[in-house]
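Commentary on secondary and tertiary structure
Each chain, letter by letter, is given below.
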Amino acid sequence: MSERDFANPFSDYGIIVFGERFINRRNSVRAVENRVIRPREPGNLAITGDYRIGKSSLAYHSIMERKSALLKEGRIPIWINLATFDKASMFFRSLVTSSYDELDGLGWLSDEIKTAAGRALLDEVTWSEGYGRIQRYFEKIRQAGLRILFILDEFDHARHLFKGDISGFQSLRELSYRPEWRVTFVTTSRRSLQSIELQTKAISTLDHTFHKHYLSMFEEDALEEYFERLSSVGIAVNPQIKERFLFYCGGHPYLLEMLGYETVEMFRETDAVDVDLAVKCIEQSIIDHYEHMLNVLAEDQSLKMVLQILFGPTVDAKITDAEEFQRYGLIRSDNEGRYFAFSEHFQTYLKMIERQVDLWPLWKKTEVALRQIVTQKMMEHYGEQWVERLSKVRPNLKLIFERSRESQQKEEKSFGHRASRNIIDFTYPKDLFDIIFAEWSIFRDIFGKDKNYWDQRAQLLSKMRTPLAHNRDQALHDYERRTAEGYCEEVLTILDEYDANRSL
């Protein structure tokens, strides 16, 4: 057997992990234990987290892997994937059939339970009568000293399953609420229960009966365990390798496992570790994952909130929005209160997306127009190499271009042809006005007035563009926004007139 004939520790990434493959999340496992495992009368638990963050794995590890021990206490865990149902009635019927089959297999069926199950599964009854029989079936189970624990995986599907059916959520609530027939529900979902209920336009208080646990990124202890798995095949995991993994993945379990798999396979073939090259091999898979995340965020306008928080302008995002995204682990903050995406790679990707999204259409149009006029006039005056020449003539502007070029190179290194080749795309309004003021003799005839007049406008428009972290007390005041919109319209009018005169 050669040294490279080993099993890849991440070979099954992308599915529910269990047993030795589960990387321990002590705080999250403890949250499940405290709510569901330890109490004799467990409570409902909603495990909420982003796409492929490990929600199902957490539920499986914390509950299903303890099935034998739970059964000894008369507690019966049952896994149900909600996404496999297209009718609410069939789902509620499955609560009976799945639990009945478990009891049958255990030899725990009594005559009373059998009779109640038979009545609950009759087709020739109304929904109201059928639901009452389902309640009586679970009542017989309770009377037998048994407790049913349903893990409802993929609970986001409830927004489709119960759409237009106001009784769906309320029926779940009643099954877990009344002591006579109480069952316990553990849900896993991307969206919060409140959001799922709102999307169905249901009037229900199901959400209030659940303890909420947000599953986020790997914490330090889980990351250490992850890197130990990576080193188990002979890879010398040094600080530089860790830095590259964290640059691309942050603490995201799925991205880490996907990159870990590719890195190990490359190591098997070449006996070398090149994290950047491994990323190139799975680049489209990473982009696909990002796109799925953003599609979910876009459903309820959350994507625009994330972009406002990270890049500005802060139109209507609030600190409470940032706190919610931090619970998901999508963004993080540093000691100075600045916000960042969960990884530098994802941050750069979001920055590309931000250039394509109209968070504030009038503002976007103004920003684009300012970039165009600056580029146009500087090329007329300094030629194609205007950035380099202007930096020499105006040394005080050099830092603007150095910072912009650094951002451009970072984007190009991470995303290749997807990145912008135009350095002006990486400037901010303050940068643009600094260029305009530095070359005022060129721009005076376009803008009119004097620099003091435009400096007042530049300061407010620059403030508008700042991320939430730089204006943490609140979003824009209404009067500030109205004033800023007036300034934007003034700029656009002036530039439109300039273009019209040029074409004469």
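Structure's up top.
Residues numbered from 1 in each chain as written. Predicted model: local features only at pLDDT ≥ 70, side-chain atom pairs only at ≥ 80, totals over all residues. Heavy atoms only, no water.

1. Describing the overall build of the protein
For clarity, the cut-off: The helix and strand labels rest on DSSP assignments: H or I over at least four residues marks a helix, E over at least two residues marks a strand, and numbering proceeds from the N terminus. When accessible area is computed with a 1.4 Å probe and restricted to protein chains, residues below 20% of their type maximum are described as buried, those above 50% as exposed, and intermediate ones as partly exposed. It only takes one pair of heavy atoms within 4.5 Å for two residues to be counted as in contact. Per-residue and other accessible areas follow the Shrake-Rupley method at a 1.4 Å probe size, with only the shown protein chains counted as cover for residues. In summary, the charge assignment counts Lys and Arg as positive and Asp and Glu as negative, without counting His or the chain termini. Charge placement uses NZ in Lys and CZ in Arg. For Asp and Glu, CG and CD serve respectively.
Per the secondary structure count, the protein includes 24 helices and seven strands. For the protein, the residues scored as buried account for 54% of the 504 residues in total. Excluding contacts between residues fewer than 6 apart, the proportion of contacts in the protein whose partners are at least 24 apart in sequence is 72%. Carbon together with sulfur atoms contributes 48% to the accessible area of the protein, which is approximately 23,700 Å² in total. One finds the centroid of the 69 positive side-chain charges in the protein at a distance of 3 Å from the centroid of its 79 negative side-chain charges.

2. As for the nonpolar core
In globular proteins that are soluble, nonpolar side chains generally tend to be buried together. Applied cut-off: Nonpolar cores were defined as sets of buried Ala, Val, Leu, Ile, Met, Phe, Trp, Tyr and Cys residues, with membership established by side-chain atoms within 4.5 Å.
Grouped together as the largest cluster of nonpolar side chains are 79 residues, with contacts concentrated most on Ile63, Phe245, Leu259, Tyr290, Phe346, Tyr349 and Leu350. Broken down by element, the residue count for this core peaks at eight residues, all from helix α12 (residues 253-270). Excluding its chain neighbours within four sequence positions, the residues that come into contact with Leu259 are Phe245, Tyr248, Cys249, Val275, Ala278, Val279 and Ile282.

3. Overview of helix α21 (residues 429-438)
Turn by turn, an α-helix covers 3.6 residues, leaving residues three or four places apart pointing in a common direction. Burial within α21 is extensive, with eight of its 10 residues counted as buried. The set of residues buried in α21 consists of Pro429, Asp431, Leu432, Phe433, Ile435, Ile436, Phe437 and Ala438.

4. Considering the pattern of salt bridges
This is how the line gets drawn: Note on definitions: salt bridges are taken to be side-chain nitrogens of Lys or Arg within 4 Å of carboxyl oxygens of Asp or Glu.
Scanning all chains against the criterion turns up 45 salt bridges. Salt-bridge contacts for Glu490 lead to Arg457; the nearest nitrogen and oxygen are separated by 2.8 Å. One end of the pair, Glu490, is in helix α24 (residues 478-502); the other, Arg457, is in helix α23 (residues 451-464), with 33 residues separating them in the sequence. In terms of burial, Glu490 and Arg457 fall into one category: buried. Each of Lys351, Glu354, Lys364, Glu367, Arg371 and Arg465 takes part in a single network of salt bridges with overlapping partners.

5. Thoughts on the state of the cysteines
In plain terms, the rule: Cysteine sulfurs are considered disulfide-paired once they come within 2.5 Å of each other.
Under the counting rule described, the total for this entry stands at zero disulfides. Unpaired in terms of disulfides, Cys249 finds its nearest cysteine sulfur in Cys281, a separation of 14 Å.

6. Some words on the sheet that holds strand β1 (residues 44-49)
The criterion, for reference: Each pair of strands is called paired provided DSSP finds at least two bridges between the two strands. Every axis in this analysis is a line fitted to C-alpha atoms, fitted for helices over the stretch in contact. Angles between the N-to-C directions lie between 0 and 180 degrees.
Reading across the sheet, the five strands line up as β2-β3-β4-β1-β5 and stay open at both edges, with parallel pairing between neighbours. Looking at strand neighbours, the two that pair on one side only are β2 (75-81) and β5 (210-215), the edges of this open sheet. The mean angle between the axes of side-by-side strands here comes to 15°, regardless of whether they run parallel or antiparallel. Bridge analysis of β1 against β5 gives six bridges, and the strand direction is parallel.

7. A closer look at the pairing of β2
A large share of β2 lies buried, amounting to five of its seven residues. The pairing of β2 with strand β3 (residues 147-153) spans seven bridges and is parallel. Looking at β3, one finds that Ile80 is bridged to Leu152.

8. As for the side chain of His213
Note on placement: His213 falls in strand β5. Classification of His213 as buried rests on a relative accessible area of 14%. Discounting chain neighbours no more than four positions away, the residues touching His213 are Asn27, Ser28, Ala31, Leu45, Ala46, Ile47, Thr48 and Leu58.

9. Some points on the pairing of β3
Regular strands show a simple pattern: their side chains alternate between the two faces of the sheet. The element β3 is largely enclosed, with a buried count of seven among its seven residues. Sheet topology places β3 next to strand β4 (residues 184-189); four bridges connect them, and they run parallel. Counted as the bridge partner of Phe150 is Phe185 from β4.

10. What about the packing of aromatic side chains?
To be explicit about the condition: Pairs were defined over the aromatic rings of Phe, Tyr and Trp, the Trp ring being its six-membered one, requiring ring centres within 6.5 Å. Orientation was assigned from the angle between planes: stacked under 30 degrees, edge-to-face over 60, tilted for the rest. Charge-over-ring contacts are defined here by two conditions on Lys NZ or Arg CZ: a distance within 6 Å of the ring centre and an angle within 35 degrees of the ring normal.
Under the defined criterion, the tally for this structure stands at 33 aromatic pairs. Residues Phe433 and Phe437 carry aromatic rings whose centres are separated by 5.9 Å and whose planes lie at 35° to one another, so their mutual orientation is tilted. One end of the pair, Phe433, and the other, Phe437, are both in helix α21, four residues apart, so they sit about a helical turn from each other. For Phe437, a relative accessible area of 14% translates into the label buried. Counting every residue linked through ring pairs, the aromatic cluster contains Phe85, Phe91, Phe92, Trp127, Tyr131, Phe162 and Phe169. Its end group placed over the ring of Phe247, Arg244 keeps NZ or CZ at 4.5 Å from the ring centre. The ring of Trp454 carries the charged tip of Arg457 above its face, separated from the ring centre by 6.0 Å.

11. Re the environment of Leu45
Mapped onto the secondary structure, Leu45 falls in strand β1. With 143 residues separating them in the primary sequence, Leu45 and Thr188 have C-alpha atoms 8.8 Å apart. Contact partners of Leu45, with chain neighbours within four places excluded, come to Val32, Arg35, Val36, Phe185, Val186, Thr187, Phe210, His211 and His213.

12. With respect to the packing of helix α6 (residues 127-143) against helix α8 (residues 167-177)
Axis angle and axis distance: for two packed helices, these are the angle between their axes and the distance between the axes, and together they describe the pair. The test is simple: Each angle is binned into one of four classes, with values under 35 degrees roughly parallel, values over 145 roughly antiparallel, values of 65 to 115 roughly perpendicular, and all other values oblique. The hand of a helix crossing depends on one turn: near helix anticlockwise from the far one by less than a right angle means left-handed, and clockwise means right-handed.
Look at α6 against α8: their axes get within 11 Å of each other, and the N-to-C directions meet at 20°. Classed by the angle they form, the pair α6 and α8 counts as roughly parallel. The element α6 and its partner α8 pack so that their crossing is right-handed. Note on element contacts: α8 touches α6 through Ser167, Gln170, Ser171, Glu174 and Leu175, opposite Trp127, Tyr131, Ile134, Gln135 and Phe138.

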